[in-house]
Amino acid sequence: MKILVKTLSVLLLFFLLTAGRALPGTDTESRVIPELLSPDSINLDDKQVYITEGPKVRIFNRDTLEQVAVFGKAGEGPQEFRVLPGLPLILNVEGDELMVNSFGKVSFFSKSGKFLREQRTQAGFIIMAQPFGENLACWGLAFEDQTRLRTIDLYDRELKKLKNLVKQKDEFQAPGQGIDILSSSFTYSVLGDRLWVAHSPEPLIHTFDLEGDAAETIRLDIPRRDMTRADRETILNYLKTDKSTREQFDLLKPIRFHDQYPAIMAVFAAQGKMYVMTWQRRENRNEILVMNSEGKVERTLWLPVAYLNALRPAPFAVRDNRLLQLNENDDEEWELHITPIR
(Lines give C-alpha, C1' and ligand atoms only; values in the text may rest on other atoms or scores of the structure.)
Protein backbone atom coordinates (compact mmCIF):
# COMPACT_ATOMS: atom_id res chain seq x y z
CA MET A 1 0.00 0.00 0.00
CA LYS A 2 2.86 2.40 0.81
CA ILE A 3 4.35 1.99 -2.68
CA LEU A 4 0.86 2.31 -4.20
CA VAL A 5 0.23 5.60 -2.40
CA LYS A 6 3.60 7.01 -3.41
CA THR A 7 2.86 6.04 -6.99
CA LEU A 8 -0.58 7.66 -6.95
CA SER A 9 1.12 10.94 -6.09
CA VAL A 10 2.73 10.69 -9.52
CA LEU A 11 -0.54 9.84 -11.26
CA LEU A 12 -2.96 12.22 -9.64
CA LEU A 13 -2.58 14.20 -11.78
CA PHE A 14 -7.32 22.62 -9.00
CA PHE A 15 -10.46 37.85 -2.35
CA LEU A 16 -9.40 39.75 -0.64
CA LEU A 17 -7.81 39.94 2.81
CA THR A 18 -5.73 43.07 2.35
CA ALA A 19 -5.40 45.52 -0.52
CA GLY A 20 -4.44 43.49 -3.56
CA ARG A 21 -1.63 44.11 -6.00
CA ALA A 22 -1.24 43.41 -9.68
CA LEU A 23 1.74 41.25 -10.63
CA PRO A 24 4.18 43.26 -12.76
CA GLY A 25 3.46 43.00 -16.46
CA THR A 26 0.21 41.07 -16.00
CA ASP A 27 -3.45 41.63 -15.21
CA THR A 28 -3.25 39.05 -12.40
CA GLU A 29 -4.22 40.24 -8.93
CA SER A 30 -2.47 38.73 -5.93
CA ARG A 31 -3.70 38.35 -2.31
CA VAL A 32 -1.77 36.85 0.60
CA ILE A 33 -3.56 34.24 2.74
CA PRO A 34 -1.47 34.10 5.96
CA GLU A 35 -3.20 31.02 7.40
CA LEU A 36 -1.87 28.72 4.67
CA LEU A 37 1.23 26.59 5.12
CA SER A 38 1.01 23.89 2.43
CA PRO A 39 -2.33 23.87 0.57
CA ASP A 40 -3.41 20.88 -1.49
CA SER A 41 -6.54 22.12 -3.28
CA ILE A 42 -8.88 25.08 -3.74
CA ASN A 43 -12.62 25.13 -4.47
CA LEU A 44 -15.18 27.91 -4.36
CA ASP A 45 -18.88 28.58 -4.65
CA ASP A 46 -20.81 31.85 -4.84
CA LYS A 47 -20.01 32.86 -1.26
CA GLN A 48 -16.98 30.98 0.03
CA VAL A 49 -13.52 29.65 -0.78
CA TYR A 50 -12.55 26.16 0.46
CA ILE A 51 -8.88 25.19 0.80
CA THR A 52 -7.53 21.85 2.01
CA GLU A 53 -4.22 21.35 3.81
CA GLY A 54 -3.48 17.78 4.81
CA PRO A 55 -6.40 16.74 7.05
CA LYS A 56 -7.68 20.31 7.50
CA VAL A 57 -10.40 22.11 5.56
CA ARG A 58 -10.31 25.90 5.74
CA ILE A 59 -13.32 28.01 4.74
CA PHE A 60 -12.90 31.67 3.79
CA ASN A 61 -15.35 34.44 3.00
CA ARG A 62 -15.08 34.93 -0.76
CA ASP A 63 -15.31 38.74 -0.62
CA THR A 64 -12.90 39.42 2.24
CA LEU A 65 -10.82 36.20 2.41
CA GLU A 66 -11.37 36.19 6.15
CA GLN A 67 -11.19 32.64 7.53
CA VAL A 68 -14.63 31.79 8.88
CA ALA A 69 -14.17 28.11 9.78
CA VAL A 70 -11.56 25.38 9.97
CA PHE A 71 -12.11 21.72 10.76
CA GLY A 72 -10.51 18.32 10.40
CA LYS A 73 -7.55 16.52 11.93
CA ALA A 74 -5.66 13.31 11.32
CA GLY A 75 -7.47 10.18 12.49
CA GLU A 76 -10.34 7.87 11.68
CA GLY A 77 -13.15 9.16 13.89
CA PRO A 78 -15.95 11.59 13.01
CA GLN A 79 -14.53 14.88 11.70
CA GLU A 80 -11.15 13.15 11.34
CA PHE A 81 -9.54 12.23 8.05
CA ARG A 82 -6.96 9.70 6.99
CA VAL A 83 -4.75 11.52 4.50
CA LEU A 84 -1.83 9.72 2.88
CA PRO A 85 0.95 11.08 0.66
CA GLY A 86 -0.45 11.51 -2.83
CA LEU A 87 -4.05 11.11 -1.59
CA PRO A 88 -5.24 14.56 -0.45
CA LEU A 89 -8.76 15.39 0.63
CA ILE A 90 -11.15 15.79 -2.30
CA LEU A 91 -13.96 18.32 -1.87
CA ASN A 92 -17.21 18.80 -3.72
CA VAL A 93 -18.87 22.16 -3.03
CA GLU A 94 -21.52 22.30 -5.75
CA GLY A 95 -24.57 21.30 -3.70
CA ASP A 96 -26.08 22.53 -0.44
CA GLU A 97 -23.63 20.40 1.54
CA LEU A 98 -19.85 20.17 1.57
CA MET A 99 -18.68 16.66 0.66
CA VAL A 100 -15.21 15.57 1.82
CA ASN A 101 -13.69 12.40 0.37
CA SER A 102 -10.80 11.02 2.43
CA PHE A 103 -9.13 7.62 2.43
CA GLY A 104 -11.80 5.10 3.42
CA LYS A 105 -14.86 7.33 3.77
CA VAL A 106 -16.99 10.21 2.51
CA SER A 107 -18.03 12.87 5.05
CA PHE A 108 -20.70 15.55 4.78
CA PHE A 109 -20.66 18.99 6.40
CA SER A 110 -22.78 22.11 6.22
CA LYS A 111 -21.32 25.00 4.27
CA SER A 112 -20.47 26.59 7.64
CA GLY A 113 -18.33 23.57 8.56
CA LYS A 114 -20.76 21.75 10.88
CA PHE A 115 -20.41 17.96 10.79
CA LEU A 116 -23.53 16.19 9.48
CA ARG A 117 -22.73 12.53 8.75
CA GLU A 118 -20.21 10.17 7.21
CA GLN A 119 -20.25 6.99 5.16
CA ARG A 120 -17.39 4.52 5.24
CA THR A 121 -16.41 2.35 2.31
CA GLN A 122 -17.83 -1.17 2.57
CA ALA A 123 -14.99 -2.81 0.66
CA GLY A 124 -12.19 -1.94 -1.70
CA PHE A 125 -10.31 1.26 -2.35
CA ILE A 126 -12.00 4.41 -3.64
CA ILE A 127 -10.97 8.04 -3.97
CA MET A 128 -12.17 11.11 -5.85
CA ALA A 129 -15.87 10.48 -5.29
CA GLN A 130 -18.06 12.83 -7.34
CA PRO A 131 -21.85 13.14 -7.04
CA PHE A 132 -23.51 11.74 -10.16
CA GLY A 133 -27.29 11.89 -9.98
CA GLU A 134 -28.36 9.85 -6.97
CA ASN A 135 -25.04 7.98 -6.95
CA LEU A 136 -21.29 8.61 -6.87
CA ALA A 137 -18.62 8.15 -9.52
CA CYS A 138 -15.37 6.98 -7.89
CA TRP A 139 -11.81 6.07 -8.79
CA GLY A 140 -10.87 2.61 -7.56
CA LEU A 141 -8.40 -0.24 -7.90
CA ALA A 142 -9.02 -3.83 -8.97
CA PHE A 143 -7.02 -6.94 -9.80
CA GLU A 144 -7.67 -9.30 -12.70
CA ASP A 145 -5.35 -12.15 -13.70
CA GLN A 146 -2.62 -10.71 -11.44
CA THR A 147 -2.85 -7.36 -13.21
CA ARG A 148 -3.57 -4.21 -11.25
CA LEU A 149 -6.22 -1.99 -12.81
CA ARG A 150 -7.36 1.52 -12.08
CA THR A 151 -11.10 1.83 -12.43
CA ILE A 152 -14.00 4.25 -12.48
CA ASP A 153 -17.03 2.76 -10.78
CA LEU A 154 -20.59 3.75 -9.93
CA TYR A 155 -21.47 3.57 -6.21
CA ASP A 156 -24.66 4.32 -4.32
CA ARG A 157 -24.66 6.86 -1.48
CA GLU A 158 -23.96 4.09 1.04
CA LEU A 159 -20.77 3.33 -0.92
CA LYS A 160 -22.02 0.02 -2.26
CA LYS A 161 -20.54 -0.67 -5.68
CA LEU A 162 -23.16 -0.78 -8.42
CA LYS A 163 -21.26 -1.00 -11.68
CA ASN A 164 -17.83 -0.75 -13.27
CA LEU A 165 -17.64 1.88 -16.00
CA VAL A 166 -13.96 1.97 -16.97
CA LYS A 167 -10.92 -0.17 -16.23
CA GLN A 168 -7.39 0.39 -17.39
CA LYS A 169 -4.05 -1.27 -16.68
CA ASP A 170 -2.30 0.75 -13.99
CA GLU A 171 0.96 2.41 -14.97
CA PHE A 172 2.67 0.80 -11.95
CA GLN A 173 2.21 -2.91 -11.27
CA ALA A 174 4.81 -3.98 -8.69
CA PRO A 175 8.40 -3.24 -7.61
CA GLY A 176 10.83 -4.37 -10.26
CA GLN A 177 8.28 -4.23 -13.06
CA GLY A 178 8.81 -0.53 -13.71
CA ILE A 179 6.43 2.32 -14.35
CA ASP A 180 5.03 3.84 -17.55
CA ILE A 181 5.15 7.62 -17.25
CA LEU A 182 2.08 9.37 -18.68
CA SER A 183 1.10 6.48 -20.91
CA SER A 184 -2.57 7.53 -20.89
CA SER A 185 -5.07 10.02 -19.57
CA PHE A 186 -7.19 9.00 -16.60
CA THR A 187 -9.48 11.84 -15.58
CA TYR A 188 -13.23 12.37 -15.17
CA SER A 189 -15.83 14.93 -14.17
CA VAL A 190 -19.61 15.27 -13.99
CA LEU A 191 -21.57 17.77 -16.09
CA GLY A 192 -25.35 17.55 -15.74
CA ASP A 193 -26.54 14.04 -16.50
CA ARG A 194 -23.27 12.90 -18.07
CA LEU A 195 -20.00 11.62 -16.67
CA TRP A 196 -17.12 12.69 -18.94
CA VAL A 197 -14.09 10.37 -18.93
CA ALA A 198 -10.74 10.62 -20.73
CA HIS A 199 -8.89 7.31 -20.38
CA SER A 200 -6.71 6.92 -23.44
CA PRO A 201 -3.64 8.65 -24.88
CA GLU A 202 -5.78 9.87 -27.78
CA PRO A 203 -7.97 13.04 -27.77
CA LEU A 204 -11.13 11.12 -26.84
CA ILE A 205 -13.75 11.76 -24.17
CA HIS A 206 -16.23 8.99 -23.41
CA THR A 207 -19.50 9.92 -21.69
CA PHE A 208 -21.81 7.83 -19.53
CA ASP A 209 -25.45 8.38 -18.56
CA LEU A 210 -26.87 8.27 -15.03
CA GLU A 211 -27.38 4.50 -15.27
CA GLY A 212 -23.69 4.04 -16.04
CA ASP A 213 -24.30 3.11 -19.66
CA ALA A 214 -21.97 4.33 -22.39
CA ALA A 215 -23.35 7.38 -24.19
CA GLU A 216 -21.57 9.70 -26.63
CA THR A 217 -17.89 9.62 -27.58
CA ILE A 218 -16.30 13.00 -28.33
CA ARG A 219 -13.18 13.25 -30.50
CA LEU A 220 -11.24 16.49 -30.14
CA ASP A 221 -8.80 18.09 -32.56
CA ILE A 222 -5.86 18.18 -30.14
CA PRO A 223 -2.30 17.53 -31.37
CA ARG A 224 -0.25 15.52 -28.90
CA ARG A 225 2.83 17.19 -27.43
CA ASP A 226 6.19 15.51 -28.03
CA MET A 227 8.04 14.19 -24.97
CA THR A 228 11.48 15.77 -25.37
CA ARG A 229 14.73 14.69 -23.76
CA ALA A 230 14.56 17.80 -21.57
CA ASP A 231 11.04 16.81 -20.45
CA ARG A 232 12.26 13.34 -19.49
CA GLU A 233 15.20 14.72 -17.53
CA THR A 234 12.92 17.15 -15.68
CA ILE A 235 10.51 14.37 -14.73
CA LEU A 236 13.33 12.04 -13.66
CA ASN A 237 14.84 14.77 -11.49
CA TYR A 238 11.46 15.30 -9.85
CA LEU A 239 11.04 11.59 -9.13
CA LYS A 240 14.54 11.41 -7.65
CA THR A 241 14.29 14.47 -5.42
CA ASP A 242 10.66 15.12 -4.43
CA LYS A 243 9.80 14.03 -0.90
CA SER A 244 6.73 12.13 -2.12
CA THR A 245 8.72 9.85 -4.46
CA ARG A 246 12.46 9.92 -3.71
CA GLU A 247 12.39 7.11 -1.14
CA GLN A 248 10.59 4.87 -3.63
CA PHE A 249 12.59 5.87 -6.72
CA ASP A 250 14.54 2.63 -7.03
CA LEU A 251 11.34 0.61 -6.69
CA LEU A 252 9.86 2.41 -9.71
CA LYS A 253 12.62 1.29 -12.06
CA PRO A 254 12.76 0.71 -14.95
CA ILE A 255 11.12 4.02 -15.78
CA ARG A 256 9.57 4.02 -19.25
CA PHE A 257 8.71 7.11 -21.24
CA HIS A 258 6.68 7.46 -24.42
CA ASP A 259 7.30 9.57 -27.50
CA GLN A 260 4.32 11.83 -26.77
CA TYR A 261 2.24 13.05 -23.86
CA PRO A 262 -1.39 11.96 -23.70
CA ALA A 263 -3.66 14.44 -25.46
CA ILE A 264 -5.63 15.34 -22.30
CA MET A 265 -4.27 16.20 -18.86
CA ALA A 266 -7.54 16.80 -17.00
CA VAL A 267 -11.25 17.46 -17.39
CA PHE A 268 -13.21 19.48 -14.82
CA ALA A 269 -16.67 21.03 -14.83
CA ALA A 270 -17.52 24.52 -13.65
CA GLN A 271 -20.77 26.49 -13.96
CA GLY A 272 -22.32 24.48 -16.76
CA LYS A 273 -19.16 24.11 -18.86
CA MET A 274 -16.56 21.40 -19.20
CA TYR A 275 -12.94 22.50 -19.20
CA VAL A 276 -10.42 20.23 -20.94
CA MET A 277 -6.79 20.93 -20.03
CA THR A 278 -4.23 19.57 -22.48
CA TRP A 279 -0.48 19.08 -22.07
CA GLN A 280 0.18 21.82 -24.62
CA ARG A 281 2.25 24.70 -23.17
CA ARG A 282 3.46 27.95 -24.65
CA GLU A 283 5.00 30.95 -22.89
CA ASN A 284 4.20 29.36 -19.49
CA ARG A 285 0.53 29.03 -20.37
CA ASN A 286 -1.61 25.90 -20.59
CA GLU A 287 -4.14 25.21 -23.31
CA ILE A 288 -7.67 24.74 -21.95
CA LEU A 289 -10.71 24.04 -24.12
CA VAL A 290 -14.11 25.27 -22.93
CA MET A 291 -16.93 22.93 -24.01
CA ASN A 292 -20.70 23.06 -23.69
CA SER A 293 -22.86 20.20 -22.44
CA GLU A 294 -23.39 19.02 -26.02
CA GLY A 295 -19.67 18.38 -26.42
CA LYS A 296 -18.93 21.35 -28.67
CA VAL A 297 -15.78 23.43 -28.18
CA GLU A 298 -16.78 27.06 -27.59
CA ARG A 299 -13.40 28.62 -26.78
CA THR A 300 -9.72 27.81 -26.56
CA LEU A 301 -7.90 29.50 -23.68
CA TRP A 302 -4.20 29.88 -22.88
CA LEU A 303 -4.03 30.42 -19.12
CA PRO A 304 -0.97 31.09 -16.91
CA VAL A 305 -1.09 27.88 -14.87
CA ALA A 306 1.89 27.53 -12.50
CA TYR A 307 3.33 24.14 -11.57
CA LEU A 308 4.52 22.70 -8.24
CA ASN A 309 6.67 20.14 -10.03
CA ALA A 310 7.15 18.56 -13.43
CA LEU A 311 3.78 16.80 -13.35
CA ARG A 312 1.48 18.68 -11.01
CA PRO A 313 -0.06 22.15 -11.37
CA ALA A 314 -0.33 24.29 -8.24
CA PRO A 315 -3.87 24.19 -6.74
CA PHE A 316 -6.28 26.07 -9.01
CA ALA A 317 -9.94 26.54 -9.82
CA VAL A 318 -11.95 28.28 -12.55
CA ARG A 319 -15.11 30.23 -11.77
CA ASP A 320 -16.89 33.42 -12.93
CA ASN A 321 -14.48 33.84 -15.85
CA ARG A 322 -11.46 33.89 -13.57
CA LEU A 323 -8.55 31.55 -12.98
CA LEU A 324 -7.75 31.31 -9.26
CA GLN A 325 -4.48 29.68 -8.26
CA LEU A 326 -2.47 29.34 -5.06
CA ASN A 327 1.23 30.17 -5.38
CA GLU A 328 4.05 30.52 -2.87
CA ASN A 329 5.94 33.83 -3.12
CA ASP A 330 9.61 34.57 -2.41
CA ASP A 331 8.77 35.29 1.25
CA GLU A 332 7.31 31.77 1.57
CA GLU A 333 3.79 33.19 1.89
CA TRP A 334 0.92 31.64 -0.01
CA GLU A 335 -0.92 33.97 -2.34
CA LEU A 336 -4.17 33.65 -4.24
CA HIS A 337 -3.59 34.77 -7.82
CA ILE A 338 -6.71 35.88 -9.68
CA THR A 339 -6.50 36.15 -13.46
CA PRO A 340 -9.43 37.34 -15.60
CA ILE A 341 -10.39 35.02 -18.46
CA ARG A 342 -11.06 37.09 -21.55
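A few points on the structure.

**Brief notes about the overall build of the chain**
And step 1. When helices and strands are counted, the chain shows three helices and 29 strands.
And step 2. Computed over C-alpha atoms, the radius of gyration of the chain comes to 19 Å, within 12% of the 20 Å expected from 2.2 N^0.38 for 342 residues, which places it in the range of a compact globule.
And step 3. In terms of its C-alpha atoms, the chain occupies a principal-axis envelope of roughly 55 × 45 × 45 Å.
And step 4. In the chain, which comprises 342 residues, the share counted as buried stands at 52%.
And step 5. In the form shown here, the chain has an accessible surface area of approximately 16000 Å², with 46% of it arising from carbon and sulfur atoms.
And step 6. Averaging the positions of the 44 positive and the 49 negative side-chain charges in the chain gives two centres separated by 2 Å.

**Description of the pattern of salt bridges**
And step 1. If you walk through the whole model with that rule in mind, you get 23 salt bridges.
And step 2. Note that Glu 97 is salt-bridged to Arg 117, the shortest N-O span being 3.0 Å. One end of the pair, Glu 97, is in the loop between β9 (90-92) and β10 (98-102); the other, Arg 117, is in strand β12 (residues 115-120), and 20 residues separate them in sequence.
And step 3. Its relative accessible area of 29% is what places Glu 97 among the partly exposed residues.
And step 4. With a shortest N-O distance of 3.7 Å, Glu 171 and Arg 150 are connected by a salt bridge. Placement of the pair is Glu 171 in the loop between β16 (161-169) and β17 (179-180) and Arg 150 in strand β15 (residues 147-155), with a sequence separation of 21 residues.
And step 5. Look at the salt bridges and you will find they share partners, linking Lys 105, Glu 118 and Arg 120 into a network.

**Quick word on the sheet that holds β16**
And step 1. The antiparallel open sheet is built from four strands, whose spatial order is β13-β14-β15-β16. Of all strands in the sheet, those bounded by a partner on one side alone are β13 (126-132) and β16. For this sheet, the mean inter-axis angle between neighbouring strands, taken without regard to orientation, is 30°.
And step 2. As paired elements, β13 and strand β14 (residues 135-144) share five bridges and run antiparallel to each other. Among the inter-strand pairings, Ile 126 is bridged to a residue of β14, identified as Gly 140.

Definitions and cut-offs
- Residues numbered from 1 in each chain as written.
- Predicted model: local features only at pLDDT ≥ 70, side-chain atom pairs only at ≥ 80, totals over all residues.
- Heavy atoms only, no water.
- Helix = DSSP H or I, 4+ residues; strand = E, 2+ residues; numbered from the N terminus.
- Rg over C-alpha atoms; globule rule 2.2 N^0.38 Å.
- Buried < 20%, exposed > 50% of the residue type's maximum accessible area, 1.4 Å probe, protein only.
- Areas by Shrake-Rupley, 256 points an atom, 1.4 Å probe, with all protein chains shown as cover.
- Lys, Arg positive; Asp, Glu negative; His and termini not counted.
- Charge placed at Lys NZ, Arg CZ, Asp CG, Glu CD.
- Salt bridge = Lys/Arg side-chain N within 4 Å of Asp/Glu carboxyl O.
- Pairing = 2+ DSSP bridges.
- Axes fitted to C-alpha atoms, helices over the stretch in contact; angles between N-to-C directions.

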